[in-house]
Structures are given as structure tokens and as C-alpha cells.
Amino acid sequence: MTATQTLEFKFGPKHIAYMRRCRDCEINVAEGAVRAGKTVDNVFAFANELETCPDKFHLASGSTLGNAKLNIGDCNGYGLEGQFRGRCRWGKYKNNEALYVDTPAGEKIIIFAGAALANSFKRIRGNSYGMWIATEINQHHDSFIKEAFNRQLAAKKIKVFWDLNPSNPNHQIYTDYIDKYAAKQKAGNFLPGYNYEHFTIFDNATLPPERVQEIVAKYDESSVWYDRDIMGRRMRAEGLVYPMFRRDKHVAKTIPKFNSRHSYYVSIDYGTVNPFAAGLWDVDTANRKAVMIKELYYDGGTRNRVDNEEYYKMLCKLIDDIPIQYIVIDPSASSMVETIQKYGKYLVQGADNDVLNGIQNVTKYLNTGSISFVESCTNTFDEFESYCWDEEKHSDVVIKENDHAMDMVRYFCQTVLRNEWRWLV
């Protein structure tokens, strides 16, 4: 067993005050900007309570299992693995991912789970949990939240630690939980104790000022993402999804020549009655630039529909003799995937279809000039200029119109640039 390690992290006064209040409160919520240090606060507070907690089983959740393990288990070295290095191990408990921790109060088992799907709650049934730490609670399905609370009813020491980036102020996580807790606390009748703190990126004492400025510079100050990610404000998404898109900035005047040092990809949003949109991308990894050099946009409607074989021929014409890495495609397009794989010419990968995080990453790449498009991509331009938020919804939802090229662009940015090449901006 390796020796334990002391972790160093600079906590600002607001963070220190929040963690101290965690000792006396049952419900603890850290809301605010990205990179504000919210998750680290909750991890430290959770780990401190775990040392003496009489309950054996505890819960850690994220939108997905991977998200929970990355943000709570790892947390850039400040997660539970780091807190208990030398006296913890990963394992399984009844087919669930679990972190086993040795503490002065005995062995503790922390069950990790994904929570975004309607049936996610089934994974946490059967156990009673003492404490529950959740990251990005606004991305948890409500059925999971209710089940998690039910699983704590028999606990000897109930503790809840939530963090979230701000969302639409009418989001259910506010109306059904956070705002209600605040109102009861203000009225003096929330006996378990409610601890809430709001953070901006400027509250994170660990980030050097120059790094903060680098992050801030990549946002459009007029966008909803600046208000949420930098200032930590709850904001309603309104108007165009990509108001920062400009033809004078994002349209390449010439088509880049083939370069063997570049990587090439195709992304597809599959449609039969709806348009079929595909883009051929030239990725210059050395300079962190990606250009969509060709566009395929077929709108057959109900009268001029074509089958997958015809779409495959269109793809071959689009790609021509360019050696692509793989095709990124709408994960629900199983029949088109089968057609492509049947010929064995191209590799296929299902796209990461995380809509909101995908939109956020496309926004950042547009702001930094990391992605551009040749002049012939006219359908894509038209959609950029008409793709809107649904302002009648109480959560962040786009209007499902003029979105086929937008989905295709998002699939590429989220799956290739963000997930494969790790272009973090």
C-alpha cells in the first residue's frame, strides 16, 4: 500500500466559509461558474465527514457513471481517490462501480452511478445510503433524485452535497428543490439546515489571474454562456443559439489544399424525410484549426426520398480520394451505419449527442476561431443564422427546425475536437 499524500489546494474565503457550514447542514449546494472550485469544495467536505460517519454505504452520482468517476473520483487529482490515497481501492459492489475506503470508523463503500436517464434510479435501489455527493445535479433525472432521497431515509447521518453550473432559472432543480430549500431556510423552518453558496470563476484562488483571463477571453460577453460559465448567473437561453457566428469571420476564402500532416473526418446528421447533412473536415492539429471543406445537404422530403445505398454513393462522392480517419454519425442512424460498414471502406463512430455541452463547445470554437467553413457551405450558414432557442420552455431546449447541419457540426466538434483531440477552450 502506498503512502498517503497531502493535497495542496488554495481555498478562497468564500470557499472556506461554505465548507465550514457543511459540518452543520444536511443539504449543501454549491452553484456557480465553471472552474470555480465547487466540486472540490464538496469533495473535501464529503471526505471529511466520511472519516467519522457511522453509515457504511454512500452514493456519488453524475450525469453519467464516467462523469461521476471523473469529477468526484478523480477531480484533477483532488477527488476522493486523492483524498484517500493509500487507503482506498476501486472495485465492484453488486455489479456497481464502487470506491472502498478505509477510515477510522471502519470500511466505507461509495457507490458511483450515472443519473441522467429516466431509468437510472434502478441502479441505486436495494441499498441505504448515508451521504450523497452529486455533481451537475441539474443534469440528473428527477426520478433519480427522488430515489436517492428515499435511499437515505434509514441513514444514521444524512448529508447531501450538490454542485451545479447555473441553468435556466425555471429549471426543475430550482423550482422543486433549491429555491424551496432557500425559502424554508429564510422562514426559519428548514430544520436539517440548508447551506448554499454562489461562486464565480474569480472566486477560485487556485487559478492564476492570467489563466482566468485566458478562460474569460474565449467567451462572447453577450452570450448566455458567459453569464453562466464566468459569472455563474442563472440565465434563460434566448434568441439565436450561435449569435457569434459571422460570415466575415468564420468563412474561409480558399479551400485548403490536401496536407498529409492533417487529419480528415466526416460528420453526418442522418435524415430520410428530414434533410441529410454531412460535412468533410480538414483538421490541423498542430495549429488547432478545423475547416469544413465540403458540404452535403440533401432534402428529399416525402416525394424525393432516397435509400441508404444512394446516401452512401453521395458520401463516396463527397469524400472522393481523401483518406479520412472515420465517419461520425448520428447515434440513432443504425441502418446507415450498417450500410457504411457493409462496404468496409470507412470506419464509423457514433457521435457524442450531448446537446447542451456540444452547443457550448461549438460556441467556444467559434469564439476562438478554431472552426471555419469554406464559402460553398451555404446550407450550414443559413442554419447558423436561423437556429434558435425555444423561449417557451423552462429548460434549455432548441427549436427542432433548421438544425440538421447544426447537429452535424455539433457531432464533429463534440466527438472529434473535444473528446478525441481534447481541444479544451
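Trainee: Is there a simple way to think about the overall build of the chain in this case?
Mentor: Scanning the chain for helices and strands turns up 14 helices and 15 strands. The C-alpha atoms of the chain give 24 Å as radius of gyration, which agrees with the globular expectation for 425 residues (22 Å, within 12%). By its C-alpha atoms, the chain is 65 × 45 × 45 Å across when sized along the principal axes. Sequence-distant contacts, at least 24 apart, represent 69% of the contacts inside the chain between residues at least 6 apart.

Trainee: Can you walk me through the sheet that holds strand β13 (residues 326-329) in this structure?
Mentor: Across a sheet, paired strands are connected by hydrogen bonds in the backbone, their directions being either parallel or antiparallel. Spatially, β9-β15-β12-β11-β10-β13-β14 is the arrangement adopted by the seven strands of the open sheet, whose pairing is mixed. Where the open sheet ends on each side, the last strands, each with one partner, are β9 (251-252) and β14 (348-350). Here strand β10 (residues 263-269) pairs with β13 via four bridges, running parallel. Paired with tyrosine 265 across the bridge in β13 is tyrosine 326. Against the sheet, helix α10 (residues 308-319) contacts β10, β11 (276-284), β12 (289-298) and β13, and its axis sits at roughly 145° relative to β12. Here helix α14 (residues 404-420) sits on the sheet in contact with β10, β11, β12, β13, β14 and β15 (371-374), set at roughly 140° to β10.

Trainee: I would appreciate a short explanation of the packing of α10 against helix α11 (residues 334-343) in the present structure.
Mentor: Relative orientation and spacing of two packed helices are given, respectively, by the angle between their axes and the distance between those axes. Between α10 and α11, whose axes approach to 10 Å, the crossing angle comes to 60°. Classed by the angle they form, the pair α10 and α11 counts as oblique. Between α10 and α11 the crossing geometry is right-handed. Here Asn308, Glu309, Tyr311, Tyr312 and Leu315 of α10 lie close against α11, whose contacting residues are Ser335, Met336, Thr339, Ile340, Lys342 and Tyr343.

Trainee: What am I meant to see in the nonpolar core here?
Mentor: Nonpolar side chains tend to gather and get buried jointly when the protein is soluble and globular. Leu80, Tyr242, Leu315, Phe373 and Leu417 are the most contacted members of the largest nonpolar core, which has 104 residues in total. For this core, the element with the most residues is α14, which contributes nine residues. Excluding residues within four positions of it along the chain, tyrosine 242 makes contact with Ile359, Val362, Thr363, Leu366, Phe384, Tyr387 and Met406. Within the second largest apolar cluster, 30 residues are counted, among which are Leu59, Ala115, Phe144 and Ile173.

Trainee: Explain the packing of helix α12 (residues 355-367) against α14 here, please?
Mentor: Relative orientation of the contacting elements α12 and α14 amounts to 80°, with a least axis distance of 9 Å. Considering the angle they form, α12 stands roughly perpendicular to α14. For the pair α12 and α14, the contacting residues are Val355, Asn357, Gly358, Ile359, Asn361, Val362 and Tyr365 in the first and Val409, Arg410, Cys413, Gln414, Leu417 and Arg418 in the second. Of the residues in the contact of α12 with α14, the class split is seven nonpolar, four polar and two charged.

Trainee: I would appreciate a short explanation of the confidence of the model for the chain in the present structure.
Mentor: A low pLDDT score tells you not to read the predicted coordinates there in detail. This prediction gives the chain a mean pLDDT of 93; 97% of its residues lie at or above 70. Every residue in residues 1-6 is under pLDDT 50, and counting partners more than four places away or in other chains gives eight contacts.

Trainee: Help me understand the packing of aromatic side chains, please; the structure alone is not making it clear to me.
Mentor: Aromatic ring pairs are defined here through the distance separating the ring centres and the angle between the ring planes. Applying the stated criterion to the full structure yields 37 aromatic pairs. Ring geometry for phenylalanine 11 versus phenylalanine 44: centroids 5.0 Å apart, planes at 75°, classification edge-to-face. Remark: phenylalanine 44 occurs in helix α2 (residues 38-50) and phenylalanine 11 occurs in the segment before α1 (13-22); sequence separation between them is 33 residues. Grouped by ring-pair contacts, the aromatic residues Tyr242, Phe245, Tyr265, Trp281, Tyr326, Phe373, Phe381, Phe384, Tyr387 and Phe412 constitute a single cluster. Between the NZ or CZ atom of lysine 69 and the centre of the ring of tryptophan 90, over which it lies, the distance is 4.6 Å. One Lys or Arg, arginine 89, reaches over the ring of tyrosine 100 and ends 4.2 Å from the middle of that ring.

Trainee: Help me understand the pairing of β10 in this model?
Mentor: Successive residues of a regular strand alternate their side chains across the two faces of the sheet. β10 sits mainly inside the fold: seven of its seven residues count as buried. Side chains Ser263, Tyr265, Ser267 and Asp269 project from β10 onto one buried face, and the interleaved Tyr264, Val266 and Ile268 project onto a second face that is buried too. Sheet topology places β10 next to β11; seven bridges connect them, and they run antiparallel. Residue pairing in the sheet places isoleucine 268 in a bridge with alanine 278 of β11.

Trainee: Just checking my understanding: could you explain the side chain of aspartate 142 for this structure?
Mentor: Structurally, the position occupied by aspartate 142 is in helix α5 (residues 142-151). With relative accessibility at 15%, the residue aspartate 142 sits in the buried group. A distance of 2.2 Å separates a polar atom in the side chain of aspartate 142 from a polar atom in the side chain of lysine 146. If we skip the residues at most four places from it in the chain, aspartate 142 touches Gln172 and Tyr177.

Trainee: So what exactly am I meant to see when it comes to helix α3 (residues 65-74) here?
Mentor: Side chains three or four residues apart in an α-helix point the same way, a direct result of the helix having 3.6 residues per turn. Considered for burial, the residues of α3 that qualify are Asn67, Ala68, Ile72 and Gly73. Of the residues one or two after α3, cysteine 75 is the one with positive phi, at around 55°.

Trainee: It is not clear to me how the pattern of salt bridges should be interpreted in this structure. Could you clarify?
Mentor: Considering all chains together, one arrives at 24 salt bridges under this definition. The partner of lysine 92 in a salt bridge is glutamate 97, and the shortest N-O contact between them spans 2.7 Å. With a relative accessible area of 49%, lysine 92 lands in the partly exposed category. Arginine 246 is the salt-bridge partner of aspartate 248, the closest N and O atoms lying 3.0 Å from each other. A relative accessible area of 58% means that aspartate 248 is categorised as exposed. Residue classification places arginine 246 among the partly exposed residues on the basis of a relative accessible area of 42%. One network of salt bridges, in which partners are shared, links Lys400, Asp403, Asp407 and Arg410.

Conventions adopted
- Residues numbered from 1 in each chain as written.
- Predicted model: local features only at pLDDT ≥ 70, side-chain atom pairs only at ≥ 80, totals over all residues.
- Heavy atoms only, no water.
- Helix = DSSP H or I, 4+ residues; strand = E, 2+ residues; numbered from the N terminus.
- Rg over C-alpha atoms; globule rule 2.2 N^0.38 Å.
- Contact = heavy atoms within 4.5 Å.
- Pairing = 2+ DSSP bridges.
- Axes fitted to C-alpha atoms, helices over the stretch in contact; angles between N-to-C directions.
- Parallel < 35°, antiparallel > 145°, perpendicular 65-115°, else oblique.
- Left-handed = near helix turned anticlockwise from the far one by under 90°.
- Core = buried A, V, L, I, M, F, W, Y, C linked by side-chain atoms within 4.5 Å.
- Buried < 20%, exposed > 50% of the residue type's maximum accessible area, 1.4 Å probe, protein only.
- Nonpolar A, V, L, I, M, F, W, Y, C, P; charged D, E, K, R; others polar.
- pLDDT = per-residue confidence, 0-100.
- Phe/Tyr/Trp six-rings, centres within 6.5 Å; stacked < 30°, edge-to-face > 60°.
- Lys NZ or Arg CZ within 6 Å of the ring centre and 35° of its normal.
- Polar contact = N/O pair within 3.5 Å; in protein donor to acceptor, adjacent residues only side chain to side chain.
- Salt bridge = Lys/Arg side-chain N within 4 Å of Asp/Glu carboxyl O.

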